[in-house]
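Here are the chains, one letter per residue:
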Amino acid sequence: MPAIVEVLDLYKDYFLEGHVPVHVLKGLNLSFDEGDFVALMGPSGSGKSTLMNILGCLDRPTSGQYLLGGDDVAHMSDDELSEIRSTYLGFIFQAYNLLPQYTVTENIELPLVYQGVKLDEKTKARCEALAEMVGLGTRLDHRPLQLSGGQQQRVAIARSLVNDPHVILADEPTGNLDSRTSVEIMQMLQELNRSGKTIIMVTHENDIAAWARRVVRLRDGVVESDVRNDEQPITAAAAH
Ligand SMILES: Nc1ncnc2c1ncn2[C@@H]1O[C@H](COP(=O)(O)OP(=O)(O)OP(=O)(O)O)[C@@H](O)[C@H]1O
């Protein structure tokens, strides 16, 4: 079975003022199997957000391959990319990124709206069931500002699931939360992973990374180490 997410010899350069190159990803090789739960760590500036933007089909690599579900993303048009984003991937952000004027149910519906799905009783019932699943069944008509940070992140988790994605990309999902609420959110992500979802999560915190099955550390745009939480190292890339 092919890996669900694979990057091969991935390079990403940014160009300052149009021509001065900043080399950020420098020949990254990573492969994630379906059902994996990966914590992506590394110092500030090591390339985590750059990699997540590429994995989320928000940006394209300068060179190298990105295979998502075995398909080469490089050959897809912008329309195909947004299609794969909305059907294959779910997103969770540090700042929740909920729309303040919308209710819990409406926020969960949003990816369907972006996808052009017609909202009806069936989609509403699905969103309400997801709200129920994340413990917000009695808060369906609340707006984000009427919820705690942990509750807002639970709405974001429900929203990330509305398209039944294969892969969830979580960018510091507990970064704005206290430690008790962080544990609740991590328990929820762990349950989702146990139910089969592949999760790739950026974190700076070791105790959050400990919830993952695998910890990948980047340094200067390459993989510094790749360790299963319950096993010996998979690879320990040579220092660059
Ligand atoms: N649009 C851009 N133009 C130029 N340089 C950029 C751009 N975006 C990021 N960079 C540079 O790329 C490098 C990697 O940035 P990136 O945001 O991927 O790191 P990170 O590991 O996510 O850091 P942090 O933990 O601080 O979020 C940094 O040196 C940054 O300055």
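Just above, that's the structure.
Read on for a plain summary of the structure.

Quick notes on the rules
Residues numbered from 1 in each chain as written. Predicted model: local features only at pLDDT ≥ 70, side-chain atom pairs only at ≥ 80, totals over all residues. Near = placed C-beta within 6 Å. Helix = DSSP H or I, 4+ residues; strand = E, 2+ residues; numbered from the N terminus. Nonpolar A, V, L, I, M, F, W, Y, C, P; charged D, E, K, R; others polar. Pairing = 2+ DSSP bridges. Contact = placed C-beta atoms within 7 Å. Axes fitted to C-alpha atoms, helices over the stretch in contact; angles between N-to-C directions. Buried ≥ 20, exposed ≤ 12 C-beta atoms within 10 Å, placed from the backbone. Right-handed = clockwise from strand over helix to strand, strands pointing away. Core = buried A, V, L, I, M, F, W, Y, C linked by C-beta atoms within 7 Å. Arc of directions from axis to C-beta.

## Examining the site of the ligand
No. 1: Looking at the ligand, the residues that line it are Tyr14, Leu16, Val22, Val24, Gly42, Ser44, Gly45, Ser46, Gly47, Lys48, Ser49 and Thr50.
No. 2: For the shell around the ligand, the elements supplying multiple residues, two or more each, are strand S1 (5–16), strand S2 (20–32) and helix H1 (48–55).
No. 3: If one sorts the elements of the shell around the ligand by residue count, H1 sits on top with three residues.
No. 4: In terms of residue class, the shell around the ligand is built from four nonpolar, seven polar and one charged.

## Notes on the sheet that holds strand S5 (residues 71–72)
No. 1: Taken together, the four strands give an open sheet; going across it, the order is S2-S1-S4-S5, and neighbouring strands pair in antiparallel fashion. Every interior strand has two partners, whereas the edge strands, S2 and S5, have only one.
No. 2: Note: strand S4 (residues 63–68) against S5, two bridges, orientation antiparallel. Residue pairing in the sheet places Leu67 in a bridge with Asp72 of S5.
No. 3: Together, S1, S2 and S4 form the strand contacts of H1, whose direction differs from that of S2 by roughly 65 degrees.

## Here's the deal with the pairing of strand S7 (residues 167–171)
No. 1: Most of S7 is tucked away, with five of its five residues classed as buried.
No. 2: Here S7 shows no split at all, with Val167, Leu169 and Asp171 on one side and Ile168 and Ala170 on the other all buried.
No. 3: As paired strands, S7 and strand S8 (residues 198–202) are joined by five bridges and run parallel to one another. Within the sheet, the bridge partner assigned to Leu169 lies in S8 and is Ile200.
No. 4: Handedness of the crossover joining S7 and S8 through helix H6 (residues 179–194): right-handed.

## As for the pairing of strand S9 (residues 214–219)
No. 1: By the alternation rule, side chains of S9 split into Arg214, Val216 and Leu218, which are all buried, and Val215, Arg217 and Arg219, of which none is buried.
No. 2: By the bridge criterion, four bridges tie strand S3 (residues 37–41) to S9 in an arrangement that is parallel. Counterpart to Met41 in the pairing with S9 is Arg217.
No. 3: Pairing geometry for S9 and strand S10 (residues 222–228), over six bridges, is antiparallel. Paired with Val216 across the strands is Asp226, a residue of S10.
No. 4: The turn linking S9 back onto S10 is made up of two residues, and Asp220 within it adopts a positive phi angle of 50 degrees.

## Some points on the nonpolar core
No. 1: Ranked by internal contacts, the top residues of the largest apolar core, which has 53 residues, are Val38, Leu40, Ile200 and Met201.
No. 2: Ignoring anything within four residues of it in the chain, the contact list for Leu40 reads Lys48, Ile200, Met201, Val202, Val216 and Leu218.

## Some details on H1
No. 1: Buried within H1 we find Lys48, Thr50, Leu51, Ile54 and Leu55. When H1 is viewed along its axis, its buried side chains cluster within an angular range of 165 degrees and face the same direction.
No. 2: In the segment just after H1, Cys57 is the residue with positive phi, at about 60 degrees.

## A look at unusual backbone geometry
No. 1: Even without being a glycine, Tyr96 presents a positive backbone phi close to 70 degrees.
No. 2: The topology assignment puts Tyr96 in the loop between strand S6 (89–93) and helix H3 (104–114).
No. 3: Residue class for Tyr96 comes out buried when judged on the 21 C-beta atoms lying within 10 Å of it.
No. 4: Phi at Asn97 takes a positive value of approximately 55 degrees, unusual for a residue other than glycine.
No. 5: Summarising the element assignment, Asn97 is placed in the loop between S6 and H3.

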